[in-house]
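Architecture at a glance
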Amino acid sequence: MEPALIGTRLASAAIGPLLKKLLVDEGPGAGLVPKGAQVRLSGLVSFRGEKRALTEKDVRGLAATLVERSRQGTGEPPFPADETEAVADALAGNLLALGGLDMDDVQAVRLGHRDLARRLRAAAPAPDGLSTDSVLYLETLTEWACLHILEFFTRRSTFIARSLVEQTRAQAELLAKVDEVIRRTPRAETGDAEFERRYLAHLAKKHGRLTIHGVDLHHSPDEWPLDMAYLSLEATGAEDPHETSGRPREQASVRADLALARHERVLFRGLAGSGKTTLIQWLTVSAATTEDRDRPEGMAYLRGRIPFVLPLRALTRHGERLPSPDRFLPAAGCPLTPPDGWTDRVLAAGRGLVLVDGIDEIPETERGRARDWLRDLLGAYEGNRWLVTSRPTAVRDDWLAPDGFAELTLAPMTRTEVTTFVRRWHRAAGPDAAGYEQPLLDSLRTAEHVARLATNPLMCGLICALHRDRRGFLPRGRKALYEAALSVLLSRRDRERDMGAPTGLVLDEAPQIQLIQRLAYWLTLNGRTQMDRDRAAAIVTEAVPAVPDASAYPPEKVFTHLLHRSGLLREPTADTVEFVHRTFQDHLAAKALVDHWDIGVLVRHASDDQWEDVIRMAVGHARPRECAEILGELLKAADAAEDRRVRLRLTLLAATALDHATELPPAIRGEVLRRTGEVIPPRDPEEARQLAEVGPLVLGLLGGPEELTDEEAFTSVVTATHVRTDAALLYLARFVQHPSLAVRSQLIWSWLRFDPRSYADEVVARLDRSDLVFTVRSDAEADELIRLGLGHPLLDIGGRVSADRVAALLSLCDPVYLRLERSDEQDGLPVPLPARLEELELDWDGSETPVDLAPLAALPYLHSVETYGPVTGTEHLSPRIHFQSF
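Residues numbered from 1 in each chain as written. Predicted model: local features only at pLDDT ≥ 70, side-chain atom pairs only at ≥ 80, totals over all residues. Heavy atoms only, no water.

**With respect to the overall build of the protein chain**
Helices and strands together make up the secondary structure of the protein chain, namely 38 helices and 20 strands. Relative to its 886 residues, the protein chain shows a buried fraction of 53%. Here the contacts in the protein chain between residues at least 6 apart in sequence split such that 66% fall between residues at least 24 apart. If you sum the accessible surface of the protein chain, you get close to 39,700 Å²; carbon and sulfur atoms cover 51% of it. (Helix = DSSP H or I, 4+ residues; strand = E, 2+ residues; numbered from the N terminus. Buried < 20%, exposed > 50% of the residue type's maximum accessible area, 1.4 Å probe, protein only. Contact = heavy atoms within 4.5 Å. Areas by Shrake-Rupley, 256 points an atom, 1.4 Å probe, with all protein chains shown as cover.)

**Looking at unusual backbone geometry**
For Asp 771, which is not glycine, the phi dihedral falls at a positive 60°. Residue position: Asp 771 is located in the loop between helix H36 (756–762) and strand E13 (774–776). One non-glycine residue with positive phi stands out, namely Asp 814, at about 45°. The topology assignment puts Asp 814 in the loop between helix H38 (803–813) and strand E15 (817–821).

**Some remarks on the pattern of salt bridges**
If you walk through the whole model with that rule in mind, you get 40 salt bridges. Among the ionic contacts, a cluster of salt bridges with common partners joins Arg 777, Asp 796, Arg 819, Glu 821 and Asp 843. (Salt bridge = Lys/Arg side-chain N within 4 Å of Asp/Glu carboxyl O.)

**What to know about the nonpolar core**
Membership of the largest hydrophobic core comes to 155 residues, with the highest contact counts inside it found for Phe 579, Leu 631, Leu 732, Tyr 759, Leu 795, Ile 797 and Leu 856. Apart from the residues lying within four places of it in its own chain, the contact partners of Leu 732 are Val 717, Ala 720, Thr 721, Leu 747, Phe 754, Tyr 759 and Val 763. Judged by nonpolar contacts, the second largest core, of 43 residues, contains Leu 22, Val 59, Tyr 137 and Trp 144. (Core = buried A, V, L, I, M, F, W, Y, C linked by side-chain atoms within 4.5 Å.)

**Notes on the sheet that holds strand E11 (residues 569–570)**
Adjacent strands of a sheet form backbone hydrogen bonds with each other and so pair up, either parallel or antiparallel. Strand order in this open sheet of three strands is E10-E12-E11, and the pairing throughout is antiparallel. At either margin of the open sheet sits one strand with a lone partner, and together these are strand E10 (530–532) and E11. Where E11 lies against strand E12 (residues 576–579), two bridges are found, and the strand directions are antiparallel. Counted as the bridge partner of Arg 570 is Glu 578 from E12. Relative to E10, helix H23 (residues 533–543) is tilted by about 85°, and along the sheet it contacts E10 and E12. (Pairing = 2+ DSSP bridges. Axes fitted to C-alpha atoms, helices over the stretch in contact; angles between N-to-C directions.)

**Focus on the sheet that holds strand E8 (residues 385–390)**
Strand order in the open sheet formed by seven strands is E4-E3-E9-E5-E8-E7-E6, with mixed pairing between adjacent strands. Each edge of the sheet is formed by a strand with only one pairing partner; in this case those strands are strand E4 (253–255) and strand E6 (306–311). On average, adjacent strands in this sheet sit at an angle of 25° to one another, irrespective of strand direction. Pairing analysis gives three bridges linking strand E3 (residues 234–237) to strand E9 (residues 406–410), with the strands arranged antiparallel. Counted as the bridge partner of Ala 235 is Leu 410 from E9. Across the sheet, helix H12 (residues 276–288) lies against strand E5 (265–269), E6, strand E7 (352–357), E8 and E9, angled at about 165° from E7, the strand it touches most.

**So, the packing of aromatic side chains**
For the structure on display, the rule yields 10 aromatic pairs. On the basis of an interplanar angle of 75° and a centroid distance of 5.5 Å, the ring pair of Tyr 199 and Trp 342 is categorised as edge-to-face. Taken together, the residues Tyr 199 in helix H9 (residues 192–207) and Trp 342 in helix H15 (residues 342–348) connect sequence positions 143 residues apart. Here the aromatic cluster, defined as three or more aromatic residues joined through ring pairs, consists of Phe 195, Tyr 199, Phe 308, Phe 328, Trp 342 and Trp 373. (Phe/Tyr/Trp six-rings, centres within 6.5 Å; stacked < 30°, edge-to-face > 60°.)

**Regarding helix H3 (residues 56–71)**
Here H3 contains 16 residues, and its C-alpha end-to-end distance of 23 Å stays within 8% of the 22 Å for a straight helix at 1.5 Å per residue. For H3, the set of buried residues is Val 59, Leu 62, Ala 63, Leu 66, Val 67 and Ser 70. For H3, the buried positions fall inside an angular range of 135° around the axis, keeping them on one side. (Expected span 1.5 Å × (residues − 1). Arc of directions from axis to C-beta.)

**A few points about the pairing of E7**
In terms of burial, E7 is a largely internal element, six of the six residues being buried. Residues Gly 352, Val 354 and Val 356 line one face of E7 and the alternating positions Leu 353, Leu 355 and Asp 357 line the opposite face, and both faces are buried. Examined bridge by bridge, E6 and E7 share six bridges and lie parallel to one another. Within E7, the position partnered with Ile 306 by the bridge is Gly 352. Direction of pairing for E7 relative to E8: parallel, over a ladder of four bridges.

**What to know about the environment of Leu 840**
Note on placement: Leu 840 falls in strand E16 (residues 839–843). In this structure Leu 840 comes out as buried when scored by relative accessible area, which is 4%. Through-space distance from the C-alpha of Leu 840 to that of Leu 856 is 9.6 Å; in sequence the pair is 16 residues apart. Ignoring sequence-local partners within four residues, the contact set of Leu 840 consists of Leu 818, Leu 856, Leu 862, Ser 864, Val 865 and Glu 866.

**With respect to the pairing of E8**
Of all six residues that make up E8, six are buried, and the element is covered over most of its length. Taking every second residue as pointing to the same face, both faces of E8 are buried, with Arg 385, Leu 387 and Thr 389 on one and Trp 386, Val 388 and Ser 390 on the other. The sheet contact formed by E5 and E8 spans five bridges and is parallel. Within E8, the position partnered with Leu 267 by the bridge is Val 388.

**Focus: the packing of helix H4 (residues 84–96) against helix H7 (residues 132–154)**
It is the contact of H4 with H7, at a shortest axis distance of 10 Å, that shows an interaxial angle of 40°. Relative to H7, H4 is oriented oblique. Crossing of H4 against H7: the hand is right-handed. Contacts between H4 and H7 involve Val 87, Ala 90, Leu 91, Asn 94 and Leu 95 from the former and Ser 134, Tyr 137, Leu 138, Leu 141, Thr 142 and Ala 145 from the latter. The residue makeup of the contact of H4 with H7, split by class, is eight nonpolar, three polar and no charged. (Parallel < 35°, antiparallel > 145°, perpendicular 65-115°, else oblique. Left-handed = near helix turned anticlockwise from the far one by under 90°. Nonpolar A, V, L, I, M, F, W, Y, C, P; charged D, E, K, R; others polar.)

**Quick notes on the side chain of Thr 389**
Position of Thr 389 among the secondary structure elements: in strand E8. Only 2.6 Å separates the side chain of Thr 389 from the side chain of Asp 357, close enough to count as a polar contact. Not counting residues up to four positions away in its chain, the partners in contact with Thr 389 are Leu 267, Phe 268, Lys 276, Ile 280, Val 356, Asp 357, Gly 358, Ile 359 and Asp 360. (Polar contact = N/O pair within 3.5 Å; in protein donor to acceptor, adjacent residues only side chain to side chain.)

**Here we look at the side chain of Gln 281**
Along the chain, Gln 281 falls in helix H12. A distance of 3.1 Å separates a polar side-chain atom of Gln 281 from the backbone oxygen of His 207. Among residues more than four places away in sequence, those in contact with Gln 281 are His 207, Arg 209, Leu 210 and Leu 226.

**Things to note about the packing of helix H22 (residues 509–525) against H23**
At a minimum axis separation of 9 Å, H22 and H23 run at an interaxial angle of 130°. When the axis of H22 is compared with that of H23, the two are oblique. In this structure, H22 meets H23 at a crossing whose hand is right-handed. Facing H22, whose interface residues are Leu 515, Arg 518, Leu 519 and Trp 522, H23 presents Arg 535, Ala 536, Ile 539, Val 540 and Ala 543.

**Some details on the environment of Leu 200**
Here Leu 200 is to be found in helix H9. Spatially, the C-alpha atoms of Leu 200 and Thr 289 are 7.4 Å apart, while their sequence positions differ by 89 residues.

**Notes on the environment of Gln 690**
In this structure, Gln 690 sits in helix H32 (residues 685–692). The buried category is assigned to Gln 690, whose relative accessible area is 13%. Sequence separation of Gln 690 and Leu 648 is 42 residues, and the distance between their C-alpha atoms is 8.6 Å.

**A word on the confidence of the model for the protein chain**
With 84% of its residues at a pLDDT of at least 70, the protein chain reaches an overall mean of 82. This model gives residues 28–36 a pLDDT under 50, and the stretch forms seven contacts once residues within four places in sequence are excluded. Note on residues 213–217: pLDDT under 50 across the span, and 17 contacts to partners over four residues away in sequence or across chains. (pLDDT = per-residue confidence, 0-100.)

**Topic: the state of the cysteines**
Under the definition given, this model contains zero disulfides. Left unpaired, Cys 460 is separated from the closest cysteine sulfur, that of Cys 464, by 6.5 Å. On the basis of relative accessibility, which here comes to 0%, the residue Cys 464 falls in the buried class. (Disulfide = S-S within 2.5 Å.)

Next up, the structure:
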């Protein structure tokens, strides 16, 4: 919401006097400061100094009035109604920060209302737990208030004279600095502005639509407008690798497309199909939008940024050196020719948005070289924004942390996000698809095998397309799903569109698979996801004579047909070829490896993260004897590995591959299960977290509560709580009545890893609460307890829970035991205190503001108090209270 829009709701004539109360009245003999001294802001505000007219409580009341009046009027409310009190409290904090700024009124006016508002927000406590709409509203309302405050400053009788004195004093210095800047700054080419206009328009057009590669059926759209297709996902920070207690460290969650607003450099990890490349398209288009009114909500921080989209798979396809800045555009396939030195000028000015896509899509041996290239760029250019994407296990933890990168992981889609995606897909597919939307949503809620597959945008799109094409029926299992997709793409697509033979060829599904899997085999064997067009054509040409149905056609026509009609291949540039998605490449490479029976190749690459899906799918393609050999060789490789983590990884790879085998000799199945039994259930929390890295498939290996000891149940639940998918909820829900307090405590501690509402309904609401301390770490969790009416006498409230939610929880629960984390912006103990309270732990550690414990004297049942942080008022505590301070 812009200041002008807030101004339509808040008339200046009515609200101006309210804001003027923040400032002391000027008059003769005010004596705010000694004569000749600077007039600091702390002397001009009415809630500090000798002429104090307002208390802090008055300022908070004034802020509440401003917020309430700005919500009135027609149109959509600017933020959720239940956050009104929190927004007002945050605005009051911003206004109170005015008295702590080290500047005078002239400096404040020179700063401008937007920069002054930024200074206030930086000096005030950061708003905690607010939605994106509330944060944006708060920023805008603070700017609007600063605009009025600066207007009041300019009306002071001494302001003009003091301004002239300071301007005269600074003019000579300013002229000297300007001369020096002009001397040092090379003149920009006159064509830069015009080129940037053309370049941004090119990027907006190129990346403004999202192609639904390979999953568009005969009535589905080939592509969507990006603003309709884009689904903003959450990203979380990596957990502390040294955490061994089993209790999770609280993680910061951020909307993925806003991460660069908080961090100058970000490494995004995400599974195949998780939306990494789509995120890059969204950032590119948002930066390329020249009009603020057209820029997507929340993306104003990219104003003035020049995007450089650098897909590593395209930059290194010939094994050449990664490009220097002057080669960014031609290396990435941009047809425009920039003025000489333009890229260097953009980056040197700190205006760049450098988007490096796909560390995992280049061979492992080249990743170190890519990091050196990136470090050279970082050292040469400051002030730019940098984003790098990778699959989760392609590079180790903290791979770019020494270079100042925040490492975030794209979270799997929640149930809510899957539902949103399905609705958008059917809306984009047209009115004929509307009848299939609700049946698919019902299947995603009730059919576990479907829900487990719908974890990212790629798989959701594939499921939507197949469900519609099959008139409401879906195949079962991953292999069957891919085979169904191949059938649609390779044999049914053109026929059902009555396309005839546009390339002059008629090829059934089987020969096309035989030829395309040769390309998948070469790419996978060489650690690539992209190849030269000429090489791809040569591979197909060599293979055509061995495929009878294809040998009747000229090889070059066969290749053209596969490239243009199969739906599995695409040309990112005029001279390169790649699969529409890595998962199709893995599926077909596995089939080719089984057909060639390259068992040695599979085993040699078993510890390579890029080969895990290939090996699992190879087991699915193999016959019983071949399955036994693959799994047996994996176990031998595990025995030969010296590193325990490698042994664990290979054993679990064999175990998770069992689900893909259609038939397997009992002896080898028994041996795999025996080996798995040595590591599952995990022996300690660290091993539990390692198991979770396998992903949702590990859930099928974990035992149920009826077959596990208490210790085994605890470590198994630790593993499942680190698998952040809705599929984990089905497993965790089996432990809600477990007799072990440690197991149930792990369940409540792990709430923050999942969608708050889904977890509350599936797990928290059904928990056996005997002796269990309810841990609440966010306003969202507090809201769910309040919604469900889950009062509980043992309560642990984290420091991120806002004061109003704390009060609501205490009213609901009336606890006898309370652990409370507070922070500097949360003054004192909550009021009223729980009447039945017997034990209190107060964690104020790290705060310099002491907590007054005197109100505790009124609690009749209180007998134990532990504090972490400074306190006062202990002399008022009854002798019967056992008090400890740490």
